[in-house]
Protein chains: 2
Amino acid sequence: MTAAVHPLTESAAESAEALVHRLARAGRAAQRELAGLTDGEKAAALCSAAAALRAAEPEILAANALDVAAGEANGLTGAMLDRLRLDPARLAGIADAVDQVAGLPDPVGQVIDRSMRPNGLALSRVRVPIGLIGIIYESRPNVTADAAALCLRSGNAALLRGGSEAVHSNRAIMAAFAAGLAAAGAPAEAVQLVPTQDRAVVGAMLTAAGLIDMIVPRGGKSLVARVQADARVPVLAHLDGICHTYLHAAADPAMAREIALNAKMRRTGICGSMETLLLDAAFPGSHGVVAALLDAGCELRGDARAQALDPRIKPASANDWDTEYLDAILSVAVVDGLDAALAHIAAHSSAHTDAIVTADSQVAERFLNQVDSAIVMVNASTQFADGGEFGLGAEIGIATGRLHARGPVALEGLTTYKWQVRGTGQTRP
Amino acid sequence: MTAAVHPLTESAAESAEALVHRLARAGRAAQRELAGLTDGEKAAALCSAAAALRAAEPEILAANALDVAAGEANGLTGAMLDRLRLDPARLAGIADAVDQVAGLPDPVGQVIDRSMRPNGLALSRVRVPIGLIGIIYESRPNVTADAAALCLRSGNAALLRGGSEAVHSNRAIMAAFAAGLAAAGAPAEAVQLVPTQDRAVVGAMLTAAGLIDMIVPRGGKSLVARVQADARVPVLAHLDGICHTYLHAAADPAMAREIALNAKMRRTGICGSMETLLLDAAFPGSHGVVAALLDAGCELRGDARAQALDPRIKPASANDWDTEYLDAILSVAVVDGLDAALAHIAAHSSAHTDAIVTADSQVAERFLNQVDSAIVMVNASTQFADGGEFGLGAEIGIATGRLHARGPVALEGLTTYKWQVRGTGQTRP
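Residues numbered from 1 in each chain as written. Chains lettered and ligands numbered in written order. Predicted model: local features only at pLDDT ≥ 70, side-chain atom pairs only at ≥ 80, totals over all residues. Heavy atoms only, no water.

(A) Geometry of the sheet that holds strand 4 (residues 157-161) of chain A. Residue and element names in this part refer to chain A. Read across the sheet, four strands follow the order 5-4-3-6 without closing on themselves; strand pairing throughout is parallel. A single partner strand is all that each edge strand has here, and the edge strands are strand 5 (191-193) and strand 6 (214-218). On average, each strand axis in the sheet is tilted by 20° relative to the strand beside it, whichever way the strands run. Strand direction decides the pairing type here: strand 4 and strand 5, joined by three bridges, are parallel. Counterpart to Leu-160 in the pairing with strand 5 is Leu-193. Lying over the sheet, helix 7 (residues 142-153) contacts strand 3 (132-137), strand 4, strand 5 and strand 6, oriented at roughly 165° with respect to strand 3. Packed onto the sheet, helix 8 (residues 167-183) meets strand 3, strand 4 and strand 5 and runs at close to 160° relative to strand 5. (Pairing = 2+ DSSP bridges. Helix = DSSP H or I, 4+ residues; strand = E, 2+ residues; numbered from the N terminus. Axes fitted to C-alpha atoms, helices over the stretch in contact; angles between N-to-C directions. Contact = heavy atoms within 4.5 Å.)

Rendered as structure tokens:
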């Protein structure tokens, strides 16, 4: 079945660059075919891919067992093994997610705006696919199906390069996915998995300007940093999520406590989890919030004024304010009013998600306007920073860059637009 | 007055990188100040800058005379000297253009869309400035005021690096512009001109990721190519405009002739001018179109079938199909039907602007959908590819990249967005 994934791997030894360019050209050709399919045909192809994933459960779980065994032999951490491991329920979840993407509205063809010029030219901006999206990811095999589905739903082709730990799982998932597409009459090469783990492939993808239109890295900070540093192709990514929650003087103490607990402790390992808590010196509920976090098992690292709130708070070092813990650890600072909070956030935020808790709507609006992050929130947990929670259906990732798309990026962020001009013989004076 | 442009130039010898980083930090600080101004205050600041340009006519024209004299001494071509030369009418035009930008609607704060989640979270996407825009341009001094005005109108700061040929003109224009801003209470450093012509400055700007948010090159192909090759900062640009016009079998011969003449000959030096004419073998008016172009003084370079139409047509070389002449020269090919035209365009277009002339609406819609260029036109001259003609008021440039903005880019393309989330205490289950 791997033939459906990379038809020419039997070809003689080929450089990583030549391989990437060959796959990219095949992907671009498939993308042009894809552009000829209707919305319904693209959706049907995804449902067929989902069905194929379910039908291939034995092959996929067997392949995954090889990866898990190798991971155990290579001493992967429990967390890494958990990310890697598939079971019938998780595989069903992967297939269901593909069906859900099939059910999302197709952004392609959507008219962004129209205008009629005085000379009679009718202008419209229409959404079109970006083209070929490169996905570079690590040990989560579900990304193989998730990313492929989102790219295909929006009319894009995808070239995926997964991590070595999940190589057998990824190949089995991609083989089933591509076979499902083909069975529905869609071009199987619209989604391709790079067939080798040669590390040079990543560099070749990052420099394939003109062949790969956008790169989306999915993985740890070191992967994203490398991609951002070396890419010659536009990158959609966030390096990290140093998210702040500021408890303003006018915050309701009970609401503030619940939001702070949820923002930090619901899941400590996601990019939207709070990493720094800013307590207004005039907020009356600070002791209660701090105690609740400590009692919930969170380590707190505070500045001197925060430490004075509870003897269990450890001293924060200068690095703490710029650290994404992704763990039950939180840095805590006491600030004097909104402007001090804004200054701290401007200095330390990663521009991912920052929140304020306050009952003062004027303060809330100032925070919403002046914090220059992809997502700014009032009276809500930063853990809502997620495409699904935003009603986007699914997300290819969260972007903290300033161009194209910011925050949770889903189907719309995988499209661009063209100008269509309809005339009746107009010439320019 | 130059003090208003670069306050610290008296500082000791400083590396190009240190200089660019210092100016960028000052620009970013000014941009944050700018964000505090109302729409009306930004508009008033631009009107004040326009007035200052008019008031500084003697200084600006005197400075321009130095550049023109130096250009003549250095043997600049007539065309280059013409681009460089200012006179009272041209300077008035520059000032008027700044007033016009002041009159454009401010995109900042515009709500792109809103949604209410089932849990009561109210989401909105709101336009915000991109930040600090780097402008790298050549010999047209008007760019100094045009680009600065567009960036400022959309709440961005601008760091400009002009060409050596126009150094005195640029400094005089920027000094007046910045003084006008300051007189209106706007931060003068929101627009800065790099005070040195050190070539290393360009490289330092292209690699100032995190300090400069976007680079817009304005100039010839070699400048744009260099910027695209070396930039570590997102670039908004088009390398060239190899624009096609396809005269379909069902094109009205008279309309086709007028559109072809206008697309090529109105102004041959602009990026939207037609460079390749595709004649359908079944189009009855080909002889007339070809004769009209030749009689208008255009050199035609054709494939064998095109040459058969008129003995005055020279043979085209393989390069001609990929050449942007920017002159009264046109490559001409005869194609068999829409698919052949689409294939030629897919192979040779620079994805800038491509047009079809036809009375068959189904053919027209297929062309509009299948040509993957920033601008696709039916029954109109490609010379309309211009932000002003599109009703955008003015343009910072035309982009042929696939992300963020395509085609003519004006104020909206100088903004990004943030997600604002308004809650009432929601926590994520």
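Here the narrative resumes, following the displayed structure.
(B) Inspection of the relation of the copies chain A and chain B at higher detail. Least-squares fitting of chain A to chain B yields an RMSD of 0.1 Å, with the transformation described by 0.0 Å of translation along the axis and a rotation of 180°. The relationship between the two copies is best expressed as a two-fold rotation axis. Considering only C-alpha atoms, the residue of chain A closest to the rotation axis is His404(A), which sits at 1.9 Å. Of the interface residues in chain A, 100% have counterparts in chain B that sit at the interface too, so the contact is made through matching surfaces. (Least-squares fit on C-alpha atoms with pLDDT ≥ 70 in both.)

(C) Focus on the interface of chain A and chain B. Across the contact, 63 residues belong to chain A and 63 residues belong to chain B. On inspection of chain A and its partner chain B, the count reaches six salt bridges. The interface formed by chain A and chain B holds 55 residue pairs in polar contact (both at pLDDT 80 or more) in total. For the side of chain A that touches chain B, the element with the most residues is strand 16 (residues 415-426) of chain A, which contributes eleven residues. When its residues are assigned to classes, the side of chain A that touches chain B shows 28 nonpolar, 20 polar and 15 charged. Bridge count between strand 16 of chain A and strand 13 (residues 375-380) of chain B: five bridges; the pairing is parallel. (Salt bridge = Lys/Arg side-chain N within 4 Å of Asp/Glu carboxyl O. Polar contact = N/O pair within 3.5 Å; in protein donor to acceptor, adjacent residues only side chain to side chain. Nonpolar A, V, L, I, M, F, W, Y, C, P; charged D, E, K, R; others polar.)

(D) Fine view of the pattern of salt bridges. All names here are of chain A. Counted by the stated rule, this structure contains 53 salt bridges over all chains. Ionic pairing is found between Arg-312 and Asp-295, a salt bridge with its closest N-O pair at 2.8 Å. With a gap of 17 residues between them, Arg-312 in the loop between helix 13 (304-307) and strand 10 (314-315) and Asp-295 in helix 12 (residues 286-295) connect regions that are remote in the sequence. Overlapping salt bridges bring together Asp-39, Lys-42, Asp-106 and Arg-153 as one network.

(E) Looking closely at the confidence of the model for chain A. Residue and element names in this part refer to chain A. Per-chain confidence: chain A averages 94 in pLDDT, with 97% of residues scoring 70 or above. A low-confidence stretch, residues 1-10 stays under pLDDT 50, and its non-local contacts, those more than four residues away or across chains, total 14 contacts. Here the prediction assigns the complex a pTM of 0.92, and the interface score ipTM is 0.93. (pLDDT = per-residue confidence, 0-100.)

(F) Geometry of the nonpolar core. By size, the foremost hydrophobic cluster in this structure holds 69 residues, and its most contacted members are Leu53(A), Ile60(A), Ile135(A), Phe177(A) and Ile396(A). When residues of this core are assigned to their parent elements, the largest contribution, eight residues, is made by helix 7 of chain A. Apart from residues no more than four positions distant in its own chain, Ile396(A) is found in contact with Ile135(A), Ala147(A), Leu150(A), Cys151(A), Val216(A), Arg218(A), Leu236(A), Val409(A), Ala410(A) and Leu414(A). Counting residues in hydrophobic clusters, the runner-up holds 68 residues, among them Val421(A), Leu53(B), Val143(B) and Ala399(B). (Core = buried A, V, L, I, M, F, W, Y, C linked by side-chain atoms within 4.5 Å. Buried < 20%, exposed > 50% of the residue type's maximum accessible area, 1.4 Å probe, protein only.)

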